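Residues per chain, in single letters:
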Amino acid sequence: MATVHVFKNGTNLRLSGLLQSSNIIGTVDKGDYDAQHQCVGDRVTEGSVTNVWWVKIKAGSKQGWVSAVRISTGDNNDPIPGIPTQEVEWA
């Protein structure tokens, strides 16, 4: 398992990489989290940063998805380096 750094407090933790409000299972604060893998999902744009990749992380007793936009490494619309990619698991 690799580690990713979420750089913003209050980042939504979701059941999948879809932007439905009913999909939110909690929030995580900035910090390092174990990342399991990543998949393509809904596009998230914040300022000049945009990405379709979502990373599944373990946050305490919960597991869920965060947008790659909130991960401190990576480029626009590219997967996060060092995190395995796989087919979408919520389709």
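Let me sum up the structure you'll find in this document.

Cut-offs applied
- Residues numbered from 1 in each chain as written.
- Predicted model: local features only at pLDDT ≥ 70, side-chain atom pairs only at ≥ 80, totals over all residues.
- Heavy atoms only, no water.
- Core = buried A, V, L, I, M, F, W, Y, C linked by side-chain atoms within 4.5 Å.
- Buried < 20%, exposed > 50% of the residue type's maximum accessible area, 1.4 Å probe, protein only.
- Helix = DSSP H or I, 4+ residues; strand = E, 2+ residues; numbered from the N terminus.
- Contact = heavy atoms within 4.5 Å.
- Polar contact = N/O pair within 3.5 Å; in protein donor to acceptor, adjacent residues only side chain to side chain.

**Remarks on the nonpolar core**
Counting residues in hydrophobic clusters, the biggest one holds 16 residues, and the most contacted among them are Val 4, Val 28, Val 55, Ile 57, Val 66, Ile 71 and Ile 80. Listing elements by their share of this core, those giving two or more residues are strand S1 (2-6), strand S4 (31-46) and strand S5 (49-59). The element that contributes the greatest number of residues to this core is S5, accounting for five residues. Discounting residues that sit within four places of it in the chain, Val 28 has contacts with Val 6, Lys 8, Asn 9, Gly 10, Thr 11, Leu 13, Tyr 33, Ile 57, Ala 59 and Val 66.

**With respect to the environment of Ser 21**
Tracing the backbone shows Ser 21 in the loop between strand S2 (11-14) and strand S3 (24-28). Residue classification places Ser 21 among the exposed positions, given a relative accessible area of 63%. Note: C-alpha distance between Ser 21 and Lys 58 (37 residues apart in sequence) is 20 Å.

**Some thoughts on the environment of His 37**
When you line up the elements, His 37 lands in strand S4. Among the residues examined, His 37 registers a relative accessible area of 11% and is labelled buried. Sequence-wise, His 37 and Gly 10 are 27 residues apart; in three dimensions their C-alpha atoms are separated by 21 Å. Setting aside residues up to four positions removed in sequence, His 37 forms contacts with Trp 54, Val 55, Lys 56, Trp 65, Ile 83, Pro 84, Gln 86 and Glu 89. At 2.8 Å, the side chain of His 37 forms a polar contact with the side chain of Glu 89.

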